[in-house]
Amino acid sequence: SFPLCTPFRGSLFTGKYAHSTGCCANHLPINLDQEFLAQILKDNGYQTGYIGKWHLDGGSKPGFVPPDRRLGFDHFIGFNRGHYYQNAIYFKDTDQPYHCPRYEPDFQTDHIIEFMHNALENDPQKPFLGFICYGAPHFPMNMPDYYKNLYSPDEIPLPPGTADPEIQKQVISYLNKNNFPLASGSWGEGTEHHGSLESEQDVREYLALYYGMVTNVDHNVGRILNWLDKQGIAEETLVIFLSDHGDMAGQHGYYCRTKKTAYSAAARVPLVIRYPIQFPSNKKIPALVDVAVDTMPTILEVLGIDIPHAVHGKSYSALLEGRSEESRDAVMYGIMKQTDGEERFPIPERGIRTTDFLYVRTEQGPK
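Everything in this summary refers to the structure shown in the same document. (Residues numbered from 1 in each chain as written. Predicted model: local features only at pLDDT ≥ 70, side-chain atom pairs only at ≥ 80, totals over all residues. Heavy atoms only, no water.)

**A few points about the packing of helix α4 (residues 104-122) against helix α7 (residues 200-231)**
Thinking step 1. Put simply, α4 and α7 touch, their axes get as near as 10 Å, and they point 15 degrees apart. The orientation of α4 with respect to α7, classified from their angle, is roughly parallel. Of the two elements, α4 crosses α7, and the hand of that crossing is right-handed. Where α4 abuts α7, its residues P105, D106, T109, D110, I112, I113, M116, H117 and L120 lie against N216, N220, R223, I224, W227, L228 and Q231.
Thinking step 2. Across the contact of α4 with α7, the residue classes break down as eight nonpolar, five polar and three charged. (Axes fitted to C-alpha atoms, helices over the stretch in contact; angles between N-to-C directions. Helix = DSSP H or I, 4+ residues; strand = E, 2+ residues; numbered from the N terminus. Parallel < 35°, antiparallel > 145°, perpendicular 65-115°, else oblique. Left-handed = near helix turned anticlockwise from the far one by under 90°. Contact = heavy atoms within 4.5 Å. Nonpolar A, V, L, I, M, F, W, Y, C, P; charged D, E, K, R; others polar.)

This is the structure in structure tokens:
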């Protein structure tokens, strides 16, 4: 419903749309006067741990997140925002920053496994909520050489709808005229700035790096699943894999930084769930869900915990259990107007997606 980092996170932890959480744009602090997933689980006896990028405490970068703003997560190894990867910065219990020279997703996976191990050691009968937020795949395209060189750009298939150079130029001209921020710089610099994708070769080179990052995430998720198997708790552990937004990667004439759009490349995200004791395996469900607002009530319903009345989302547990084949008939979409800052967005959008159609309009009318 809102393919952007901070708004998605606010919705994920509250089950509410971005206009109600305080996070209607990037780099805004979440409103603490509401109920959060981790706090609810903590109140129901869960050990809670968070590893990685937070992005719910304003614009500080990397940013120490105080314990009273961690929304119910007791164990915390992370930072507010930023993408450093090869010289990762993180905080623990104080505002003393730590640096790790290892590739960020690798050591973050170490930490989430350590949290789960300690949770079992502390009290094997007490359940845990472990949340890990990888920064990759995301700019800057810095990663170990093995992943950087894993895929050949010349062998990368172009995504459907990849625009030709002339369309790219027209779109960039439009963005400039409407005061959209266009960044410059190479993809590999140690910043979040990057250049545009203005040719097929640009798209291929970018995707080769992007897929290298994806491969590393696949590897690390596999490490987590293997650890659950070895502990003998995989059958009774609910595992959810999802993303806050996609990446246009040159499709529809959009330059590569774009994610705030209703097009499928940005708005459709992975959603892979495993819970062997309750859900049938190897099942692909084509039904519509809003990953942002529907996931919190789904988790609570599956765990037998009451869903707060203020939640906007709808549980899709019936889909996962095979009790239903439909959940929603539509998903709402909305991007708020942001007139300043590094990610300003001067033209707000609203829309609705069904299984067959996407309708989007701006203040000027249908898009």
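**With respect to the sheet that holds strand β11 (residues 365-366)**
Thinking step 1. Here four strands make up an open sheet; going across it, the order is β8-β9-β10-β11 and the pairing antiparallel. With partners counted over all chains shown, the strands left at the sheet margins are β8 (331-335) and β11, one partner each.
Thinking step 2. In terms of strand pairing, strand β10 (residues 358-362) meets β11 through two bridges, oriented antiparallel. Paired with R361 across the strands is P366, a residue of β11. (Pairing = 2+ DSSP bridges.)

**Considering the nonpolar core**
Thinking step 1. The biggest cluster of nonpolar side chains holds 38 residues, and the ones touching the most others in it are F13, Y50, W54 and F73.
Thinking step 2. At the level of secondary structure, the elements contributing two or more residues to this core comprise α1 (5-14), α3 (37-43), β5 (128-133), α9 (291-302) and α10 (317-321).
Thinking step 3. For this core, the leading source of residues is α9, giving seven residues.
Thinking step 4. Excluding residues that lie within four positions of it along the chain, W54 makes contacts with R9, F13, V65, R69, R70, L71, F73, F76, F79 and N80.
Thinking step 5. Listed in part, the 25 residues of the second largest apolar core include C100, L120, V217 and I233. (Core = buried A, V, L, I, M, F, W, Y, C linked by side-chain atoms within 4.5 Å. Buried < 20%, exposed > 50% of the residue type's maximum accessible area, 1.4 Å probe, protein only.)

**Thoughts on unusual backbone geometry**
Thinking step 1. Here A136 and P137 are connected by a cis peptide whose omega angle stands at 0 degrees.
Thinking step 2. With respect to the helices and strands, the residue P137 is situated in the loop between β5 and α5 (145-148).
Thinking step 3. Despite not being glycine, L71 shows a phi value in the positive range, around 60 degrees.
Thinking step 4. Tracing the backbone shows L71 in the loop between β1 (47-53) and β2 (75-79).
Thinking step 5. A relative accessible area of 5% means that L71 is categorised as buried.
Thinking step 6. In the Ramachandran plot, N282 falls in the positive-phi region, its phi being about 55 degrees despite a non-glycine side chain.

**Points about the pairing of β1**
Thinking step 1. When you tally the buried positions in β1, you get seven out of seven residues, the bulk of the element.
Thinking step 2. By the bridge criterion, six bridges tie β1 to β5 in an arrangement that is parallel. Within β5, the position partnered with G49 by the bridge is G130.
Thinking step 3. Judged from the five bridges that link them, β1 and β2 form a sheet pairing that is parallel. Its bridge partner being in β2, I51 is matched across the sheet by I77.

**Looking at the pattern of salt bridges**
Thinking step 1. Applying the stated criterion across every chain yields a total of eight salt bridges.
Thinking step 2. Ionic pairing is found between D110 and R102, a salt bridge with its closest N-O pair at 2.6 Å.
Thinking step 3. The class for D110 is partly exposed, based on a relative accessible area of 29%.
Thinking step 4. The partly exposed category is assigned to R102, whose relative accessible area is 39%.
Thinking step 5. Among the charged side chains, a network of salt bridges with common partners joins R102, D110 and R223. (Salt bridge = Lys/Arg side-chain N within 4 Å of Asp/Glu carboxyl O.)

**Thoughts on the sheet that holds β1**
Thinking step 1. One open sheet holds the three strands; their spatial order is β2-β1-β5, and the pairing between them is parallel. Every interior strand has two partners, whereas the edge strands, β2 and β5, have only one. Pairwise comparison of adjacent strand axes, ignoring direction, gives a mean angle of 5 degrees for this sheet.
Thinking step 2. The strands touched by α4 within the sheet are β1, β2 and β5, with β5 carrying the most contacts at an inclination of about 175 degrees.

**Observations regarding the packing of α1 against α9**
Thinking step 1. Relative orientation of the contacting elements α1 and α9 amounts to 25 degrees, with a least axis distance of 6 Å. In terms of orientation, α1 lies roughly parallel with respect to α9. You can see that α1 and α9 cross each other, and the crossing is right-handed. Facing α1, whose interface residues are F8, S11, L12, F13 and T14, α9 presents V291, A292, V293, T295 and M296.
Thinking step 2. Here the residues of the contact of α1 with α9 sort into seven nonpolar, three polar and no charged.

**Topic: the packing of aromatic side chains**
Thinking step 1. Scanning the entire structure with this criterion turns up 22 aromatic pairs.
Thinking step 2. Pairing F115 with F128 gives two aromatic rings, centres 6.2 Å apart and planes at 85 degrees, and the pair type is edge-to-face. Separated by 13 residues along the polypeptide, F115 in helix α4 and F128 in strand β5 bring together distant segments of the chain.
Thinking step 3. Looking at F128, the relative accessible area reads 18%, which means it is buried.
Thinking step 4. Ring pairing ties together the aromatic residues F13, Y50, W54, F73, F76 and F131, which thus form one cluster.
Thinking step 5. Directly above the aromatic system of Y98 lies the positively charged group of K92, at a separation of 5.4 Å from the ring centroid. (Phe/Tyr/Trp six-rings, centres within 6.5 Å; stacked < 30°, edge-to-face > 60°. Lys NZ or Arg CZ within 6 Å of the ring centre and 35° of its normal.)

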